[in-house]
Amino acid sequence: MIKKTICIIVLALHMIPLSARHHDKKSLRLSKVEQRVSTDILNQLLANEFVLMMQTLHYHWNLLGDEFHDYHLLFDKQYNQLFTDIDLIAERIRAVGGKALGSLYDMTQYASLKEDRKKTPEPKKMVHNLVKQYEYHTSDIRNGIKKLDDQTQDYGSKKMLEDLLEQHEKTAWMLRLLTGKQ
Amino acid sequence: MTKKEQKLSVELLNRLVANTSVLLMQTLHYHWNITGPEFNDYHKLLDDQYNMLFQDLDVVAERVRAVGGFALGSMKEMIKHADLKEDTGACPKPKQIITNLLKQYERHMSQIREGIILLEEETSDFGSKKMLEDFLEKYEKTAWMFRSLLGKQ
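Residues numbered from 1 in each chain as written. Chains lettered and ligands numbered in written order. Predicted model: local features only at pLDDT ≥ 70, side-chain atom pairs only at ≥ 80, totals over all residues. Heavy atoms only, no water.

Trainee: So what's going on with the overall build of chain A? Residues and values would help.
Mentor: Each helix and strand in chain A was counted, giving 7 helices and 0 strands. The N-to-C order of helical and strand elements in chain A reads α-α-α-α-α-α-α. Within chain A, buried positions represent 45% of all 182 residues. Considering only contacts in chain A between residues 6 or more positions apart, those separated by 24 or more positions represent 79%. (Helix = DSSP H or I, 4+ residues; strand = E, 2+ residues; numbered from the N terminus. Buried < 20%, exposed > 50% of the residue type's maximum accessible area, 1.4 Å probe, protein only. Contact = heavy atoms within 4.5 Å.)

Trainee: Which residues make up the overall build of chain B, and what values go with them?
Mentor: On a plain count of helices and strands, chain B comes out with 5 helices and 0 strands. When the elements of chain B are put in sequence order from the N terminus, they spell out α-α-α-α-α. The C-alpha atoms of chain B give 16 Å as radius of gyration, which agrees with the globular expectation for 153 residues (15 Å, within 12%). Taken over the C-alpha atoms alone, chain B extends approximately 55 × 35 × 20 Å along its principal axes. Counting across all 153 residues of chain B, residues that qualify as buried make up 56%. (Rg over C-alpha atoms; globule rule 2.2 N^0.38 Å.)

Trainee: Kindly report on empty space enclosed by the protein, identifying the contributing residues and their values.
Mentor: If you walk through the whole model with that rule in mind, you get 1 cavity of 30 Å³ or more. What lines the largest cavity is simply A:Phe50, A:Met53, A:Met54, A:Leu57, A:Leu104, B:Ser21, B:Leu24, B:Met25, B:Leu57, B:Met75 and B:Met78. Counting residues per element, the ones that place at least two in the lining of the largest cavity are α3 (32-62) of chain A together with α1 (3-33) and α3 (75-81) of chain B. No other element matches α3(A), which puts 4 residues into the lining of the largest cavity. (1 Å grid on protein atoms, 1.4 Å probe; cavity = no way out; pocket = protein on both sides within 12 Å on 5 of 7 lines; lining within 4 Å. Points joined across faces, edges and corners; volume = space filled by probe spheres on them.)

Trainee: Run through the pattern of salt bridges, naming residues and quoting values.
Mentor: Summed over the entire model, instances satisfying the criterion amount to 14 salt bridges over all chains. Among the salt bridges present, the one from A:Arg142 reaches A:Glu169, with a minimum N-O distance of 2.8 Å. Of the two residues, A:Arg142 is situated in helix α6 (residues 123-151) and A:Glu169 in helix α7 (residues 155-178); the sequence distance between them amounts to 27 residues. When the shortest N-O distance is used, the salt bridge between B:Asp56 and B:Lys138 registers 2.7 Å. Of this pair, B:Asp56 sits in helix α2 (residues 39-66) while B:Lys138 is found in helix α5 (residues 126-149), placing the two residues 82 residues apart along the sequence. With relative accessibility at 31%, the residue B:Lys138 sits in the partly exposed group. (Salt bridge = Lys/Arg side-chain N within 4 Å of Asp/Glu carboxyl O.)

Trainee: So what's going on with a positive patch on the surface? Residues and values would help.
Mentor: Together, A:Lys114, A:Arg117, B:Lys76 and B:Lys80 line one region of the surface with positive charge. Turning to its location among the elements, A:Arg117 is positioned in the loop between α5 (104-110) and α6. A relative accessible area of 43% means that A:Arg117 is categorised as partly exposed. (Patch = residues over 30% accessible without salt bridge, like charges linked within 9 Å, V, L, I, M, F, W, Y side chains within 5 Å. Areas by Shrake-Rupley, 256 points an atom, 1.4 Å probe, with all protein chains shown as cover. Lys, Arg positive; Asp, Glu negative; His and termini not counted. Charge placed at Lys NZ, Arg CZ, Asp CG, Glu CD.)

Trainee: Lay out the interface of chain A and chain B with the relevant residues and their values.
Mentor: Facing 36 residues of chain A, the contacting portion of chain B comprises 33 residues. Buried surface at the junction of chain A and chain B, both sides included, amounts to about 2,900 Å², of which 66% is carbon and sulfur. By the criterion of area lost to chain B, the three top residues of chain A are A:Trp61, A:Phe83 and A:Leu104, representing 25% of everything that side buries. Summed over the shared surface of chain A and chain B, the result is 18 residue pairs in polar contact (both at pLDDT 80 or more). No other element matches α3(A), which puts 10 residues into the side of chain A that touches chain B. Residues belonging to the side of chain A that touches chain B are distributed by class as follows: 18 nonpolar, 9 polar and 9 charged. (Buried area = accessible area lost by both parts, 1.4 Å probe. Polar contact = N/O pair within 3.5 Å; in protein donor to acceptor, adjacent residues only side chain to side chain. Nonpolar A, V, L, I, M, F, W, Y, C, P; charged D, E, K, R; others polar.)

Right, here's the structure in full:
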């Protein structure tokens, strides 16, 4: 009886076409190509976040003038937010099957944002520079969202980038207000 | 403090800023990219440590400002001024991660010890010296934890 049952099970398994079983197994994760597209987009954004965080730290530390206390606290909040985002993006890269960039050198190589190496810009100039950086960065995020949408089914990363975009747009708006623009 | 004392303290502290940044990045690298059965355990351990290093970075940089200098403000400068070399390779096995970090902490601490001696001999910057002593005590504890993980005394 047991032998007969086993025979039926084995027979039933063989009746499922091999290609279908193979397909089921494959579709459980993002394809290799999708993984690579997502990882590349996310690593470039990770590097940009590092440049932005370093620049915010720089201004937080090296600020001079009447605005010192006010901006020092504002930048404090912003660099901590960026540090949280950095961990989130890097862990997402791991979750989609990639490796996160792991050195300052790599960050400078992958980032599309340039670092500000001036010793201590005027406070107004600092805010102006940050607005510009956030604008470049948010435009990269938008392109990333489009690319994920076009080339992958990585809805998780897309949703994460949308959250990040909303958050950075708010920061850019607050910084723009400080420059007296709408 | 005299200009000369300020210059000495600022240079020394900025090197510490750079080394802390390298150590922070390396800890993040391993925290993210580690694989193996130790994943959860080490991932959490390294989480605590990078958060500590991130706080320390801010403390040192603000000390640079307090003694009258400007803090390093870009990754390129951090790499240039650091005594510690970055690990730009793929993430090593868990045991090697701990070995690498222990080595980096030992280099970092030896720079701090030299810094303490220098500040004592050539300046009256007692504030910075005390800060370095606090860091030293803390990092010695971290290094002990790493050594214990490797089964060493």
